[in-house]
Amino acid sequence: MSEVTGFMCSVTAQHVTQNGVFGGALQRWITSFWATALATNLLTTLLLVFRIWYIDRRATTLRGRQQSQLRPILHILVDAGVIYSLTLFVALKTSSTMTVTFSANGEYLLSGDKERIRVWRAELVYKQLPTTTLEAAVNCLAVSKDGRLIAAGTLWGDVLVWDAETHEQIFARREDSQVITGVDFSPDSTRLVSASDSLTASIWDIATRERVLTLRHEHWVIRAVKYSPLGYRVATATPDAVRVWDSNGGRLLMDIKVTVTPLFNTGLLWFKNHLFVISRNKIKQFEAHKGSAVSEWPVPESDKYSCIALPKHEEFIAYSAKRTVTFWDTSTHTQLSHIQYPHNISSIAFSPDDRSIAIGDAGKVTINSLSRITNSIPLSRLHPTFKEPVVQIDDAVLNLWKLDQLADAEASLTAVIHESRNPTYHALASRALVRARLRQWDAAIADATESIKIEPSVIGYITKSVALVGNGKKHMGYRTCDIAFERFHSTHVTFLLLVKAIIVFMAGEHNDAISRIDDLIDTVQFNSICYVVQARAYMHLILGNSRIETGDYNGAIQLFERARAQTRYHTSQALSVVSLISGWKFDDLAITVRRRLCEALYAAGRINEAGEALLNIVNTVDEAFYMAEPIVTWLTDLLQRCLSTPENRVDTNLHSPPPTPLLREWAKLKLTSGSWKDALVAALHFTAPTSMIYLVLCDHLEMTNCITDAIECFHQMNSEWSEESNLHSKQPEWVLSLKQRLSKKQEYLGDAAMNAQQFEEAISEYSSVLSLDPVEPAALFIKRSGAYVALSLWEDALNDANKVIALDSSSPWGYERKHAALHAAGRYEDAISTFETMLLKILQSPAPEIHEHYRKYINPEQIKVAIRASIRNTIRESPLALIDTDSGRLLDKSGQACSFESQPIFLELISSMTTHIDHARIEREVAAYFRYATFSHKWEDNEPLFEKVMRIVVYDLEESPTHWKLQMFCKIVRDSGFHWAWSDTCCINKADRFVLQEALVSMFKWYEGSSVTIVLLRGVRSPSKRGDLVRSIWNTRVWTLQEYHASKVVRFYTEDWKPYLDLDIPNHKDSAEIISEMEEATRVSARALIALRPGLDDIREKLRLASTRQTTRVEDAAYSLLGIFSMSLGIVYGEGDKALGRFLAQLLTSSGDTSILAWTGRSGSFNSCLPTKIIFFNQLPTTHIPPALELAEMDKIIARLRGASLDSTSIMRLYDRLHELPVPSFAGQRMKLPCLSFKLGALSTSRSRSGHVFRAQTSLLGVVEIKAEEGVSLLGSLYLVHPWIDFLLDRQPVGSVTEIIPKTKTVHLSSLTGESLLPAVPSDITSATPETRASRLVAHLRRPFSRRAIPPQDAPSRPPPLDKPLPRIPPYAESLRPPSSLSPTDMQMRALQVVARLRQPFGALLLTPHLSNVAAYRRVAVESVIIVQVEEITPTILDKLVNSVRTLDVL
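In every chain, residue numbers begin from 1 and rise along the written sequence. Reporting in this predicted model follows two pLDDT cut-offs: at least 70 for local features of residues, and 80 or more for side-chain atom pairs to be given and counted; totals over whole chains, interfaces and linings ignore these cut-offs and use all residues. Where side-chain values are given, they derive from all heavy atoms of the structure, hydrogens and water being excluded.

**Concerning the sheet that holds strand β37 (residues 1244-1248)**
Inference 1: Strand order in the open sheet made by the three strands is β37-β38-β39, with antiparallel pairing throughout. On the outer flanks of this sheet lie β37 and β39 (1262-1268), each paired with one strand and no other. Here the average twist between neighbouring strands, direction ignored, is 30°.
Inference 2: Strands are treated as partners if at least two bridges between them are detected by DSSP. Secondary structure counts use DSSP, requiring at least four H or I residues in a row for a helix and at least two E residues in a row for a strand, with both numbered from the N terminus. Inspection of the sheet shows strand β38 (residues 1251-1258) paired to β39 by seven bridges, in the antiparallel sense. Within β39, the position partnered with Phe-1254 by the bridge is Ile-1266. Between the N-to-C directions of two axes lies an angle of 0 to 180 degrees, each axis being a line fitted to C-alpha atoms and, for a helix, fitted only over the stretch in contact.

Written out as structure tokens, the structure reads:
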């Protein structure tokens, strides 16, 4: 509110000062007036206006001034006060729709209300699209003709423009006012006109966002503004007048005095060449080029919010007042229909197809179909034809007639007459008129006579009269015309009198004819004689043309002046008939008369008057007619003749007066049809100075947005006049202004081209601006440098950046562009240095706004830190040493990191990240650089080792087969695009025990992390064939097993380094041939081979695969399997088969898989239950562990058991004892083995071909046969043990299901059943404490696992820290009993199933007490599996089985 008050006070005070009214009390009252007007109501406002008037009256009394001095101020106060009172009320209404309009194509409807613009798509119904929210109420809307732009004016003075497609705001200006009353686009959509309550209308250039023109009214608020259909004029409406302006120069062309009732843009309409205005309960229609009234008719209840709208067919006009929309016939001015609404209407708009009308009222927009209104209009009004009462003729013939194609018209009429047996009178009369126009007098007289015979008519007698006069029989012609008058006097008197006068004129009696028309005008009412006046004007035109032919130019001027004063814009049926009869053209009469007047004035030597008359034509004639080619040619020619006369000579220096309007119009017309160079040639004989001609040409080219041509024209002027007029040292103001305007527009074009990625065009535009020698060229050099960079023109970009630095070395922005150019050119080091200089300049700048920019930039040192951190993370899991395939050097991890920093990509990353650190890209680039390849091959003698390669480049090694092998491997890797290579021969420092330990443990992971593994098949030469891989030495080595399985991508090469089988695919593991051969070599199905993964699952299958491979060193049989089983083990070369024992002991402890014990052969030195060689695992574990029972077989056995009268208590005791057993584990070399033990009786010996056979009797197993060495009989006690507890309990080993239970999953005891899958945790050490299966599960999950320690299911579980020892499990929790939720019946069924499995034959282990440790046992080697079976289960045997369950220590 304070802004409103302050603004209106300043406006009023300014006006008071200009009019000489003293201030003081008056200004205080004005301030009080505006504050009160907005805070209270209109009544108080009127009282304050009276007070101001009273003060002014006292002032005029004191100073002797007239009372009218303050009247214009009072007008402003009253009108603006009403506007503010009403608009304030509107702004406070909730969701009031204030304006509606359609897009140019009708696809969208737009509405503006208190706080937003709504866009609706016209589909089956109008569907709302995303809205644009504003800070003030929308008062007016406009859509550009091409539909691309939307403009809005608000109640707070904002002029806004949006892109219609993207809804992006592209223009925003605030006027020095509080209300925008109207907005409108120019037809070419390049400019916008806005009207405000500050007494001005502004024309804006949308591209440059600059105000182009200001149209000012002296005393009144501008209520509406409209562009003309062609855009050359603008109309503004105030409460007392409508003014028409030149939209290019801002000249006032027309001032039409008329009262305009509506407050806003809804009361003014410009359609074709007509202006429609709502004025005091009337709609008034004016000719826009003359300002004369055409028509008016009364309408009801016009008020401040009344609206008008006109459809394209112009047959009716819509008018709204309060709650009603009425539709009026534009010809008869009668009401056709109306629409009643429940609310006051604020805006109306027709759709472009004229099928509907949008009506905005309080809070909504209503779309109404116009079918009901258009149906009420006669068809002849919408589709007019030319028929009786005067002339009846076919439309096609009429068109030929109007176009003066008289021969064709006669032929058409003759065809019609011949086709009819009884030709009509009007057809004959029409042909008679056409023949008269063709000067076929006799034929015309015959047709007219025949027409009269058939039926006397007005047209028949007129035609005959014209033909007789043309034939020289004028008196007979007069008499014939008189007969028509006598017969048809009552209905056509005025028309017949006019025709009689025209016939007299055509007979050569000019004065008599004009006298007749004068008498006719004096005796007939004015409304009936418009066409008569037009006819008299045409007679004066004909007479004036005759005077020119005789050289009487002054006489011709007088006649043309009379004709010009008499011409009116009028069309009527009678005038059209007169045109058909006489051939006179009334459509262009006004312009024809004025053209002839200009020519007469020029011929009379009155050059200035001729020029003024020409300008009058330009300013008032209809735009469409004005821009027609014949008129343009005529105007241009006459303007050139006027400008070439000495009368128009002006001063010939650059500082001469501004160009005359005549010269400007010539330039406008000349450039419409030609180039500026043609215009210069045409102006060679002008008396105006060349600089002035250049000025008008440049001005018009710039105004029409031909900026490139304007600049070219300017440069030519510059080159022609620089020496003579010292143009560069002291340029006139108009030159500087023109350069500034051209520079701004051309720069905008360059910016638009840059945004559209049209960089060549952008460079051209910026270069064009720079050629104008702008005052501040730095910004242009910066932009052009960016365009050069986009086109990879590095040197040009760098030159522009250096120019910016040369202009202002303290500015950081030149360095910014230089950095971009250097970076794009690949000069990263220079780019980083330049960027650092830019940061320094920002810090050194005294401007705070430049200091703020420092925050958005990243210091290069920060990027280096991020890159180095990424390098560390990337190479953390890679091999300790790698060969740089480019240099051939073996580098450790620090060397690898330094290698990256020596690469161009390191500097490129630093240079490219100026505003933020792109961690994702850094990680991508670092990971790509550090991709490495691994080598899989069979070791040979004299392999290059770490110590040797560390001192020499790989490619410089002396010639040898092993050196050549390494070199070829590195070259293959390098050619594949990898920077790094790893070979187990030279990339492991075997002299360092810790390095060797880490390498052997991590080798599987390194192969797994490699991008490709290169396999050399020694012994396979090209051309290779299928089967060579199966038979290759590579497929016999145990190390290559893990290398193949770990690698994701593998490529096989023959020993002469050709791809195996000439395979040309990136990954040979995807080859069907390779898969088939590996399946054959490993005796594992392709599917299982592919599914093989590192870990503790499929333990026996992995051991079997390893048992088929060979090693050079005994220890490698164990070390080569660490990766496959994801285990860690201390490396001790020289310990022999103990390495395998330690490995298997840890594997058994980690997994609990007793299948590791299922083998026969010699025991190893580590533990008697573990073999001395891995080859023993080539046997299938099913030789020891019985297969699972089929369901039917299980049911049969259980049925027999139920019938054996077994004690259920004993069965449950057996079941519980088995469940309470711990998992097998090692503590050092001692193994805890849970089992069922059976003591053997005395041995008996016998011999067989295969060796000694020992027999013994047992109470549970019956007679047992053992094939072993002879020393068995010397042993003491012997025991057979059943260690396959997992089989009895129908449970997989713990280690085989490690990947099934997630590590983070909380497991509750109540959720576990006897078949639960229990995961284990691999450990580097073995435990000395016996563990049950439950405790192994606890160890894996890292949380307490006991009935007392388990939290309730709804309570969160917190595992203890990993670095702390696990809590001691109480004795009562050291077993894993079946869940208590099982019913007794289910428990008994499970126990019976255990007994049933005990009846299965199984492979027993033979143990004997250890000689040196009576508390322990050792396994006795046998030559074949000892297959035994528990005899029939009886209650006694069942009790013995219960007692045989125990845990043994085995060494």
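**Let's talk about the side chain of Ser-845**
Inference 1: Inspection of the secondary structure assignment puts Ser-845 in the loop between α31 (828-844) and α32 (848-851).
Inference 2: Classification of residues uses two cut-offs on accessible area relative to the type maximum, computed with a 1.4 Å probe and protein chains only: under 20% is buried, over 50% is exposed, and between them is partly exposed. Taking relative accessible area as the criterion, Ser-845 reaches 9% and is therefore assigned buried.
Inference 3: For Ser-845, the side chain forms a polar contact with the main-chain nitrogen of Ala-847, separated by 3.3 Å.
Inference 4: Contacts between residues were defined by any pair of non-hydrogen atoms, one from each residue, lying within 4.5 Å. Those residues in contact with Ser-845 that lie beyond four places of it in its chain are Ile-850 and His-851. In protein, a polar contact requires one atom able to donate a hydrogen and another able to accept it; more generally it is a pair of N or O atoms within 3.5 Å, and residues adjacent in sequence count only if both atoms are side-chain atoms.

**Structural notes on helix α8 (residues 406-419)**
Inference 1: Helix length check: α8, at 14 residues, gives a terminal C-alpha distance of 20 Å against a target of 20 Å (1.5 Å per residue), a fit within 8%.
Inference 2: When we look at burial in α8, the residues that qualify are Leu-406, Ala-409, Glu-410, Leu-413, Thr-414 and Ile-417. Buried residues of α8, viewed axially, fall in a sector of 135°; they line one side. The exposed residues of α8 that point more than 90 degrees off its buried face are His-418 and Glu-419. Working rule for helices: expected span equals 1.5 Å times residues minus one. It is the directions from the helix axis to the C-beta atoms whose arc is reported.

**A closer look at the packing of aromatic side chains**
Inference 1: The pairing test for Phe, Tyr and Trp rings, Trp by its six-membered ring, is centres within 6.5 Å, and the orientation test on the planes gives stacked under 30 degrees, edge-to-face over 60, and tilted for anything in between. Counted according to the given criterion, the structure contains 28 aromatic pairs.
Inference 2: Between Phe-900 and Tyr-929, the ring centres sit 5.1 Å apart and the planes meet at 70°, which makes this aromatic pair edge-to-face. Taken as a pair, Phe-900 in helix α34 (residues 893-901) and Tyr-929 in helix α36 (residues 919-929) lie far apart in primary sequence, 29 residues in all.
Inference 3: Taking relative accessible area as the criterion, Tyr-929 reaches 4% and is therefore assigned buried.
Inference 4: Measuring from ring centre to ring centre gives 5.9 Å for Tyr-929 and Trp-980, while their planes differ by 85°; the resulting arrangement is edge-to-face.

**Describing unusual backbone geometry**
Inference 1: Omega for the bond connecting Ser-1022 with Pro-1023 falls within 30 degrees of zero, at -5°, which places this linkage in the cis form.
Inference 2: By the element assignment, Pro-1023 lies in the loop between β33 (1012-1017) and α40 (1028-1031).
Inference 3: Phi at Asp-404 is positive, roughly 60°, even though this residue is not glycine.
Inference 4: With respect to the secondary-structure elements, Asp-404 resides in the loop between α7 (395-402) and α8.
Inference 5: Positive phi outside glycine occurs at Ser-792, with the angle close to 65°.
Inference 6: For Ser-792, a relative accessible area of 41% translates into the label partly exposed.

**Quick word on the sheet that holds strand β22 (residues 307-309)**
Working definition: the strands of a sheet are paired by backbone hydrogen bonds and lie parallel or antiparallel to each other.
Inference 1: A sheet is described by the order of its strands in space; here four strands give the open sequence β22-β23-β24-β25, paired in antiparallel fashion. Two strands in the sheet have a free side with no partner beyond their single neighbour: β22 and β25 (335-340). Recorded for the sheet is a direction-independent mean angle of 20° between the axes of neighbouring strands.
Inference 2: With six bridges connecting them, strand β23 (residues 316-321) and strand β24 (residues 324-329) associate as antiparallel partners. Directly across from Tyr-319, in β24, lies its bridge partner Thr-326.

**Some points on the nonpolar core**
Inference 1: As used here, the term nonpolar core means buried Ala, Val, Leu, Ile, Met, Phe, Trp, Tyr and Cys residues forming a set that is joined through side-chain atoms within 4.5 Å. If you look at the biggest cluster of nonpolar residues, it comprises 165 residues, and the most contacted ones within it are Phe-1052, Leu-1103, Phe-1125, Phe-1143, Leu-1147, Leu-1218 and Leu-1441.
Inference 2: Counting residues in hydrophobic clusters, the runner-up holds 113 residues, among them Phe-505, Tyr-531, Ala-683 and Cys-698.

**Quick word on the packing of helix α11 (residues 458-470) against helix α12 (residues 474-487)**
Inference 1: Direction vectors running N to C along α11 and α12 enclose 170°, while the axes themselves pass 7 Å from each other. By the angle between their axes, α11 is roughly antiparallel relative to α12. Of the residues in α12, those in contact with Tyr-461, Lys-464, Ser-465, Leu-468 and Val-469 of α11 are Lys-474, Met-476, Gly-477, Tyr-478, Thr-480, Cys-481, Ile-483, Ala-484 and Arg-487. Should an angle fall under 35 degrees it is called roughly parallel, over 145 degrees roughly antiparallel, and 65 to 115 degrees roughly perpendicular, with every other angle called oblique.

**Overview of the pairing of strand β11 (residues 191-196)**
Inference 1: Within β11, six of the six residues are buried, leaving the element largely enclosed by the surrounding structure.
Inference 2: On β11, burial covers both faces: Arg-191, Val-193 and Ala-195 on one face and Leu-192, Ser-194 and Ser-196 on the other are all buried.
Inference 3: Sheet analysis places strand β10 (residues 180-185) next to β11, joined by five bridges and oriented antiparallel. Residue pairing across strands places Asp-184 opposite Val-193, the latter belonging to β11.
Inference 4: In sequence, β10 turns back onto β11 through a hairpin of five residues, with Ser-189 there showing a positive phi of about 65°.
Inference 5: One ladder, built from five bridges, connects β11 with strand β12 (residues 200-205); its direction is antiparallel.

**What to know about the pattern of salt bridges**
Inference 1: The term salt bridge refers to a pairing of a side-chain nitrogen on Lys or Arg with a carboxyl oxygen on Asp or Glu at a separation within 4 Å. This structure, assessed with the given rule, holds 50 salt bridges.
Inference 2: For the salt bridge of Arg-435 with Asp-447, the shortest nitrogen-to-oxygen distance reads 2.9 Å. Here the residue Arg-435 occupies a position in helix α9 (residues 425-437), and Asp-447 occupies one in helix α10 (residues 441-454), the gap between them amounting to 12 residues. By the burial criterion, Arg-435 is buried, and Asp-447 matches it.
Inference 3: Between Glu-877 and Lys-1005 there is a salt bridge, with the nearest N and O atoms lying 3.0 Å from each other. Of this pair, Glu-877 sits in the loop between α33 (860-875) and β29 (881-884) while Lys-1005 sits in helix α39 (residues 993-1009), and the two are 128 residues apart along the sequence.
Inference 4: For Glu-877, a relative accessible area of 42% gives the class partly exposed.
Inference 5: Judged by relative accessible area, Lys-1005 falls into the partly exposed class, the value being 37%.
Inference 6: What emerges from the salt-bridge pattern is a single network uniting Glu-940, Glu-943, Lys-965, Arg-1018, Arg-1021 and Glu-1055.

**Notes on the environment of Leu-155**
Inference 1: Mapped onto the fold, Leu-155 is located in the loop between β7 (149-154) and β8 (158-163).
Inference 2: Classification of Leu-155 as buried rests on a relative accessible area of 2%.
Inference 3: Sequence separation between Leu-155 and Val-138 is 17 residues, and the spatial gap between their C-alpha atoms is 6.5 Å.

**Points about the side chain of Thr-962**
Inference 1: Tracing the backbone through its elements, the reader meets Thr-962 in helix α38 (residues 961-975).
Inference 2: Within the structure, Thr-962 has its side chain in polar contact with the backbone oxygen of Asn-942 (distance 2.6 Å).
Inference 3: The residues contacting Thr-962, other than those within four sequence positions of it, are Glu-940, Asp-941, Asn-942, Glu-943 and Pro-944.

**Observations regarding the confidence of the model for the chain**
Inference 1: Here the chain shows a mean pLDDT of 79. Residues at 70 or above account for 79%.
Inference 2: Note that residues 648-655 has pLDDT below 50 and, in this model, 22 contacts with residues that lie over four places away or in other chains.
Inference 3: Every residue carries a pLDDT, the predictor's confidence in it, which falls somewhere between 0 and 100. In this model, residues 1294-1378 is a region of pLDDT below 50 whose contacts with residues beyond four sequence positions or in other chains number 149 contacts.

**Notes on α36**
Inference 1: What α36 keeps buried is the set Arg-921, Ile-922, Val-926 and Tyr-929. One side of α36 holds all its buried residues, which, seen down the axis, span an arc of 125°. Exposed and facing more than 90 degrees away from the buried side of α36 are Glu-923 and Arg-924.
Inference 2: The inward-facing, buried residues of α36 contact α33, α34, α35 (904-912) and β32 (980-982).

**Describing the environment of Leu-601**
Inference 1: With respect to the helices and strands, Leu-601 occurs in helix α18 (residues 589-603).
Inference 2: Looking at Leu-601, the relative accessible area reads 3%, which means it is buried.
Inference 3: Taking the C-alpha atoms as reference points, Leu-601 and Gly-611, separated by 10 residues in sequence, lie 8.9 Å from one another.

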